[in-house]
Amino acid sequence: MTSSSSSSQATKRFAHNDPEGLRADALMEEDVAWSHEIDTERDGEQFDRSERAALRRVAGLSTELEDVTEVEYRQLRLERVVLVGVWTSGTVRDAENSLAELAALAETAGALVLDGVIQRRDKPDAATYIGSGKANELRDIVLETGADTVICDGELSPGQLIHLEDVVKVKVIDRTALILDIFAQHAKSREGKAQVALAQMQYMLPRLRGWGQSLSRQMGGGKGGGLATRGPGETKIETDRRRIREKMAKMRREIADMKTGREIKRQERRRNKVPSVAIAGYTNAGKSSLLNRLTGAGVLVENALFATLDPTVRRAETPSGRLYTLADTVGFVRHLPHHLVEAFRSTMEEVGDSDLILHVVDGSHPDPEEQLAAVREVIRDVGATDVPEIVVVNKADAADPLVLQRLLRVEKHSIAVSARTGRGIAELLALIDDELPRPSVEVEALVPYTHGKLVARAHTEGEVISEEHTAEGTLLKARVHEELAADLAPYTPASAL
C-alpha cells in the first residue's frame, strides 16, 4: 500500500495486489466456494449458476458520461472501476475492510477493480465527497489506470455526484447504486423484481437530470390550447418525476397484494401450529449452504455477495420428529440503504414472524463482530428483537480457532458449524429442537381407529411422547396445543381420569 498526504488530510492507496488479501478474496474465500464435485449432493444441480454466468457483462464496453436520451435514466454498465472511500472514524483496518467489501460488491456486479483510495477526513466534503484537491488526484488515478467508472463507498447526494463527475470526467456512482444493480441482476421472483424496481425508483427520483431540451417547458393550461394557453406549464423533467411517482404508487399496491398471498400462507402455518425458523445473516455468510445442509433445498450457492435474493421456505423435521419451516432470507450488509430495507420489509417479515432466528455469521471473515452488529441493526428495524436467536458461526473449517473461541465466549447462545463439511450440524439440529416452542398441554387418549386423523394431527401439530396400538384403538401420549387437546378430550381413557 502506498500513501500520499497533505498537512491536513491523507489519502491511502488500496493496492490491487494487497498481500493481506483485503479485497474481495478476503471476503469470498475460494477454499469455501461451491464445488461441483464436492457439493452437488448437498446443494443440488445448481442450474441457476450456469444461467447467471451466461449473463455476465462483456468486458471492453465504454460507459459514456453524456447520455443520448433527453433525461438521464442511468443504467449501470460497470467495467473498469476505481474505488474511493472516506475514513471518518475507527481504525485504518476498519476503513480498509469497508473498501474491501466495496471491491467484493463491485466484482459481484461484474466490474474489474483496478485501484482504490481512502481519504482521512472528519466528514465527507459537501461538494465533491473527498474535497477538490483530492478529486483532482483521483482524476489522475483514473487517467493512469484507464478506468471508466468511480465507485464511492457511501451514499452521495445528487450534488456530490454531479460535482465529482465534473472533475474526474467519468461516471461516478455510490454504494447504494451498486447494491441496487446487484439486486436487479439477482432478482428472480415476481415479488423480488417488484421490490427491486421500487427501490430503484426511490433512488432515481431525486437524481434525475435534465439534458438540453428536457428543461424546456410544455404549453400551459389555458382553454382550447394554441394562443389561449397561459402559464409556464411543466418542464419535461417534472413530467418524468410525476410519472415515476405514479409508477411507485402502482408498485407499492402490487407488493401489498403479493404480501397478502404470503400472509395467507403464514396464517395456514399458524393454524396448523407449525413452528418457523428464519435464517438471517450477513451476505455471503453461508445461509443458503446451511439451508441446503439442513433440508436439501437445492438453493443456489455462489461465491458472491447477494447470490440469493428471493426468500426460500422449506419444510424440515427435528431429531424428535417435530415439523417446522426453515426460511432463507435476503442477506444484509453494513450501511444497507434505508429505502432498500423499506422495499424489502415484506420479505423481511419472515424474520419478525418466526419463532426462532438462526443468525449466521462468517467465522472466517476479518471482522465477524461487525457483521453481527450490522445484521442486528436491520433486525431491530423490522421489529424482530423479541424473537429468540441462535448465533451460528459458519465456515468453522476455514476460521481461525482463536476467533471461534472468542465468538463462542462472547455470544452465549452460539454454536460453531461448517455447512461445507457438516461439522456441528447434528448439534445445531438438537439445539433447534430444544429452542422451538413446545405445545403446552400434555394429554393421554385412546383414539378409535376410525378417527386416525386425530393421531396424524398429534404427529404434525404436537409432540408424541408414546404411541401404542391396542384392540380398542391407538393409545396416545402427547403434548399438543389447546385446540387439539379439546378434540382429544372425549377419548381420555378411564385410567387417566
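Residues numbered from 1 in each chain as written. Predicted model: local features only at pLDDT ≥ 70, side-chain atom pairs only at ≥ 80, totals over all residues. Heavy atoms only, no water.

Participant: Go over the overall build of the chain with me, naming the residues and quoting the values.
Facilitator: For the chain, the count of helices and strands is 17 helices and 15 strands. Of the roughly 23400 Å² of accessible surface on the chain, a fraction of 51% belongs to carbon and sulfur atoms. (Helix = DSSP H or I, 4+ residues; strand = E, 2+ residues; numbered from the N terminus. Areas by Shrake-Rupley, 256 points an atom, 1.4 Å probe, with all protein chains shown as cover.)

Participant: For the nonpolar core, give the residues involved together with the corresponding values.
Facilitator: Across soluble globular proteins, nonpolar side chains show a tendency to be buried alongside one another. Counting residues in hydrophobic clusters, the biggest one holds 84 residues, and the most contacted among them are Leu-138, Val-150, Leu-164, Leu-290, Leu-358, Val-392 and Leu-428. Residues in contact with Leu-290, not counting those within four places in the same chain, are Val-360, Val-392, Val-417, Ala-419, Ile-425 and Leu-428. Of all hydrophobic cores here, the second largest spans 12 residues; its members include Ala-458, Leu-476, Ala-478 and Val-480. (Core = buried A, V, L, I, M, F, W, Y, C linked by side-chain atoms within 4.5 Å. Buried < 20%, exposed > 50% of the residue type's maximum accessible area, 1.4 Å probe, protein only. Contact = heavy atoms within 4.5 Å.)

Participant: Explain helix α7 (residues 175-186) residue by residue, including any values.
Facilitator: Along an α-helix, a turn takes 3.6 residues, which lines up residues three or four apart on a common side. Here α7 contains 12 residues, and its C-alpha end-to-end distance of 17 Å stays within 8% of the 16 Å for a straight helix at 1.5 Å per residue. Of all 12 residues making up α7, 10 are buried, and the element is well covered by its neighbours. When we look at burial in α7, the residues that qualify are Arg-175, Thr-176, Ala-177, Leu-178, Ile-179, Leu-180, Asp-181, Ile-182, Phe-183 and His-186. (Expected span 1.5 Å × (residues − 1).)

Participant: Any chance you could break down the sheet that holds strand β15 (residues 474-480) for me, citing the residues and the numbers?
Facilitator: Taken together, the 3 strands give an open sheet; going across it, the order is β13-β15-β14, and neighbouring strands pair in antiparallel fashion. In this open sheet, the two strands that pair with only one neighbour each are β13 (441-447) and β14 (463-469). Direction aside, the axes of adjacent strands within the sheet are offset by 10 degrees on average. (Pairing = 2+ DSSP bridges. Axes fitted to C-alpha atoms, helices over the stretch in contact; angles between N-to-C directions.)

Participant: So what's going on with the sheet that holds strand β7 (residues 276-281)? Residues and values would help.
Facilitator: Note on sheets: strands pair through backbone hydrogen bonds, and any given pair is parallel or antiparallel. Taken in spatial order, the 6 strands of this open sheet run β8-β9-β7-β10-β11-β12, and their pairing is mixed. The outermost strands of the open sheet, each flanked by one partner alone, are β8 (312-317) and β12 (414-416). The sheet shows a mean angle of 25 degrees between the axes of neighbouring strands, taken without regard to direction. Relative to strand β9 (residues 323-328), β7 runs parallel, the two sharing 4 bridges. Paired with Ser-276 across the bridge in β9 is Thr-325. Along the sheet, helix α14 (residues 401-410) makes contact with β11 (389-394) and β12, crossing β12 at roughly 160 degrees.

Participant: I'd like a rundown of the environment of Glu-461, residues and numbers included.
Facilitator: With respect to the element layout, Glu-461 can be found in helix α16 (residues 452-461). Classification of Glu-461 by relative accessible area gives buried; the value is 10%. Once the C-alpha coordinates of Glu-461 and Arg-438 are considered, the two residues, 23 residues apart in sequence, prove to be 9.9 Å apart.

Participant: Go over the confidence of the model for the chain with me, naming the residues and quoting the values.
Facilitator: Confidence along the chain averages 75 in pLDDT terms, with 71% of residues attaining 70 or more. Per-residue pLDDT stays below 50 along residues 1-9; that stretch engages in 17 contacts with residues further than four places along the chain or on separate chains. (pLDDT = per-residue confidence, 0-100.)

Participant: Which residues make up the packing of aromatic side chains, and what values do they have?
Facilitator: For the coordinates displayed, the defined rule picks out 0 aromatic pairs. The cationic tip of Arg-120 hangs over the ring face of Trp-87; the distance from NZ or CZ to the ring centre is 4.6 Å. (Phe/Tyr/Trp six-rings, centres within 6.5 Å; stacked < 30°, edge-to-face > 60°. Lys NZ or Arg CZ within 6 Å of the ring centre and 35° of its normal.)

Participant: So what about the pattern of salt bridges? Which residues, and what values?
Facilitator: Scanning all chains against the criterion turns up 12 salt bridges. Two residues, Glu-137 and Lys-134, come together in a salt bridge whose shortest N-O distance is 3.1 Å. In this pair, Glu-137 and Lys-134 both sit in helix α5 (residues 132-145), 3 residues apart, roughly one turn of the helix. Overlapping salt bridges, with partners in common, bring together Glu-101, Asp-153 and Arg-175 in one network. (Salt bridge = Lys/Arg side-chain N within 4 Å of Asp/Glu carboxyl O.)

Participant: Account for unusual backbone geometry, with residues named and values stated.
Facilitator: Phi angles above zero are rare outside glycine, and Tyr-129 is one such case at about 75 degrees. One can find Tyr-129 in the loop between β4 (112-120) and α5. In this structure Tyr-129 comes out as buried when scored by relative accessible area, which is 4%. A positive phi angle, near 60 degrees, is found at Lys-395, a position not held by glycine. Summarising the element assignment, Lys-395 is placed in the loop between β11 and α14.

Participant: Can you tell me about the side chain of Arg-175, naming the residues and giving the values?
Facilitator: If you trace the backbone, Arg-175 turns up in helix α7. Arg-175 sits in the buried class, given a relative accessible area of 3%. Ignoring any residue separated from it by four or fewer positions in sequence, one finds Arg-175 in contact with Ser-98, Glu-101, Leu-102, Leu-105, Cys-152, Asp-153, Gly-154, Val-333, Arg-334 and His-335.

Participant: Can you tell me about the packing of helix α4 (residues 92-108) against α7, naming the residues and giving the values?
Facilitator: A pair of packed helices can be characterised by two numbers: the angle between their axes and the separation between those axes. Running from N to C, α4 and α7 cross one another at 35 degrees; their axes reach a closest spacing of 9 Å. As for the relative orientation of α4 and α7, their crossing is left-handed in sense. Taken together, the residues of α7 that come into contact with α4 (itself represented by Ser-98, Glu-101, Leu-102, Leu-105, Ala-106 and Thr-108) are Arg-175, Leu-178, Ile-179, Ile-182, Gln-185 and His-186. Split into classes, the residues belonging to the contact of α4 with α7 amount to 6 nonpolar, 4 polar and 2 charged. (Left-handed = near helix turned anticlockwise from the far one by under 90°. Nonpolar A, V, L, I, M, F, W, Y, C, P; charged D, E, K, R; others polar.)

Participant: Please provide a residue-by-residue account of helix α10 (residues 287-295), values included.
Facilitator: Within α10, 7 of the 9 residues are buried, leaving the element largely enclosed by the surrounding structure. For α10, the full list of buried residues reads Lys-287, Ser-288, Ser-289, Leu-290, Leu-291, Asn-292 and Leu-294.

Participant: Just give me the short version of the pairing of β11, but keep the residues and values in it.
Facilitator: Moving residue by residue along a regular strand, the side chains alternate between the two faces of the sheet. Here β11 lies mainly inside the structure; 5 of its 6 residues are buried. For strand β10 (residues 356-362) and β11, the ladder comprises 6 bridges, and the chain directions are parallel. For Val-360, the partnering residue across the bridge sits in β11 and is Val-392. Between the parallel pair β10 and β11, the chain is carried across by helix α13 (residues 368-381), and the sense of this crossover is right-handed. Relative to β12, β11 runs parallel, the two sharing 3 bridges. In the strand pairing of β12, Val-392 is matched with Ile-415. (Right-handed = clockwise from strand over helix to strand, strands pointing away.)

Participant: Mind laying out the packing of α10 against helix α15 (residues 425-435), listing which residues take part and the relevant values?
Facilitator: Orientation of α10 relative to α15, taken along the N-to-C sense of each, is 80 degrees, at an axis distance of 11 Å. As the angle between them shows, α10 and α15 are arranged roughly perpendicular. Within the contact between the two elements, α10 uses Leu-290, Arg-293 and Leu-294 and α15 uses Ile-425, Leu-428 and Leu-429. Of the residues in the contact of α10 with α15, the class split is 5 nonpolar, no polar and 1 charged. (Parallel < 35°, antiparallel > 145°, perpendicular 65-115°, else oblique.)

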